[in-house]
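Next come the chains, spelled out residue by residue.
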Amino acid sequence: MTKPSEEVETMDDATPEESKPKGIKPAKLTAIIVAVIIVALAGIGGGYAYWTHHEGNAYREAVAQAENADKNLMKAVDEATATEYKADQLKEPKLLGGLDAAISKAKALKGIPDDNPSEWLAWQLASARKANATDADEADAQAKALNAALKAVRDSKLAKELDGAKDQLKRGIDSAGKTLKDTDGKVADNATRDSLKKAIAEASSALSKKGVTDPKTYTGQKAKLDAAVKRVTDSKAAKEKADAEAAAQAQAQAQAAAQAQAAAAAAQPQSSYSQSYNRYGGSGSGYSSNRGYSAPQQSYTPSNNGNGSSGGSSLADLIGAASGGHGDPNAPGDPYAPIVH
């Protein structure tokens, strides 16, 4: 096989003078051919270099996007698993199943592909770029699905909390109304009942609000209502205690007065009832003082001459005195004289 330069020379020798190109010398034609070849090779090399440079930049950008997407996904997983939710906490318990499935899918993602493409192999750079872009897209999609499932669970939990708080407030209003009715005139300070009326009105207003999204709207009013009810019941208890103490004091005073009266009656002089006999042999009853009455004692002493007495009355005199006559039993009118018919 001849060299290009030899072919040129051979052709140049065999070609008639009249058919040779005009104005181009052999040396110049050789230089042109060589330049064209060099330019072609340079163009091919430059294009490849540009391709590898472009794919390298795209690959590194895809890696950054995949890393960021995976980081956001792991953050979503941590947030979803940070709180334990139970079925009885949700208005729609079935939503827990969707959340668990989303968490499992998120954890199953492989993450950034483990590859190290060569900076001079454009096709490796392109393949790695696609793999990282795919990972970023999957991580973004799964993070959105997980966040949506978590939001649904949280919203369901909030809805149940709102329903519960609203129901508690309603029952609190009913109970407070009954307390207000039952304590009319039975409290130590009626201002407490006025405060309870105001609390009931405010709670009723909160209960009728639309679009409430925070359970504290209800629980806050319930706390105020409970405090107002307690003030009323405490005031009622204070009045009952005061009334009981007053009743006990009045009873004690009544007992003290009765005891004083009894003591005074016991200290007064008392009379006794006794039966007495008179000196005439009769009997009778009546009151007598401690100082009794006794008839004068007389003694009978016979005289030596039988006609008189010394230091006392004769028996006849005593008999006469007792019978209302004279002392001589034989004297006229003597009760002991014989009766003549």
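Conventions used here
- Residues numbered from 1 in each chain as written.
- Predicted model: local features only at pLDDT ≥ 70, side-chain atom pairs only at ≥ 80, totals over all residues.
- Heavy atoms only, no water.
- Salt bridge = Lys/Arg side-chain N within 4 Å of Asp/Glu carboxyl O.
- Helix = DSSP H or I, 4+ residues; strand = E, 2+ residues; numbered from the N terminus.
- Buried < 20%, exposed > 50% of the residue type's maximum accessible area, 1.4 Å probe, protein only.
- Expected span 1.5 Å × (residues − 1).
- Arc of directions from axis to C-beta.
- Contact = heavy atoms within 4.5 Å.
- Axes fitted to C-alpha atoms, helices over the stretch in contact; angles between N-to-C directions.
- Parallel < 35°, antiparallel > 145°, perpendicular 65-115°, else oblique.
- Left-handed = near helix turned anticlockwise from the far one by under 90°.
- Nonpolar A, V, L, I, M, F, W, Y, C, P; charged D, E, K, R; others polar.

A word on the pattern of salt bridges
Under the defined criterion, the tally for this structure stands at 13 salt bridges. Lys 230 is the salt-bridge partner of Asp 234, the closest N and O atoms lying 2.9 Å from each other. Of the two residues, Asp 234 and Lys 230 both sit in helix α6 (residues 216-267), four residues apart, roughly one turn of that helix. What makes Asp 234 partly exposed here is its relative accessible area of 40%. One salt bridge connects Asp 243 with Lys 239, and the closest N-O pair in it is separated by 3.0 Å. Of the two residues, Asp 243 and Lys 239 both sit in helix α6, four residues apart, roughly one turn of that helix. By relative accessible area, which is 40% here, Asp 243 ends up partly exposed. Of the residues examined, Lys 239 reaches a relative accessible area of 27% and is grouped as partly exposed.

Observations concerning helix α3 (residues 95-108)
Look at α3: 20 Å from first C-alpha to last across 14 residues, which is about the 20 Å you get at 1.5 Å a residue. Of all the positions in α3, only Leu 96, Leu 99, Ala 102, Ile 103 and Ala 106 are classed as buried. Along α3, the residues classed as buried sweep out an arc of 125° about the axis, all on the same side. Among the exposed residues of α3, those oriented more than 90 degrees off its buried face are Lys 105 and Ala 108.

Some details on the side chain of Asn 132
Examined against the element boundaries, Asn 132 turns out to sit in helix α4 (residues 122-182). The residues touching Asn 132, leaving out its near neighbours within four places in the chain, are Tyr 59, Ala 62, Val 63, Ala 66, Ile 112, Pro 113 and Asp 115.

What to know about the packing of α3 against α4
The contact between α3 and α4 brings their axes to 9 Å, and the two run at 155°. Relative to α4, the element α3 lies roughly antiparallel. Where α3 crosses over α4, the two elements pack in a sense that is left-handed. Residues Leu 95, Leu 96, Gly 98, Leu 99, Ala 102, Ile 103, Lys 105 and Ala 106 of α3 pack against Gln 142, Ala 145, Leu 146, Ala 149, Leu 150, Ala 152, Val 153 and Ser 156 of α4. Residue classes in the contact of α3 with α4 are distributed as twelve nonpolar, three polar and one charged.

Considerations on the packing of α4 against α6
Between α4 and α6, the shortest axis-to-axis distance is 9 Å and the interhelical angle comes to 20°. Between α4 and α6, the interaxial angle falls into the category roughly parallel. Handedness of the crossing formed by α4 with α6: left-handed. Contact residues: Leu 162, Ala 165, Lys 166, Gln 168, Leu 169, Gly 172, Ile 173, Ala 176 and Thr 179 in α4; Tyr 218, Thr 219, Gln 221, Lys 222, Leu 225, Val 229, Val 232 and Thr 233 in α6. Here the contact of α4 with α6 is built from residues that sort into nine nonpolar, six polar and two charged.

Keep in mind these numbers describe shape, not what the thing actually does.
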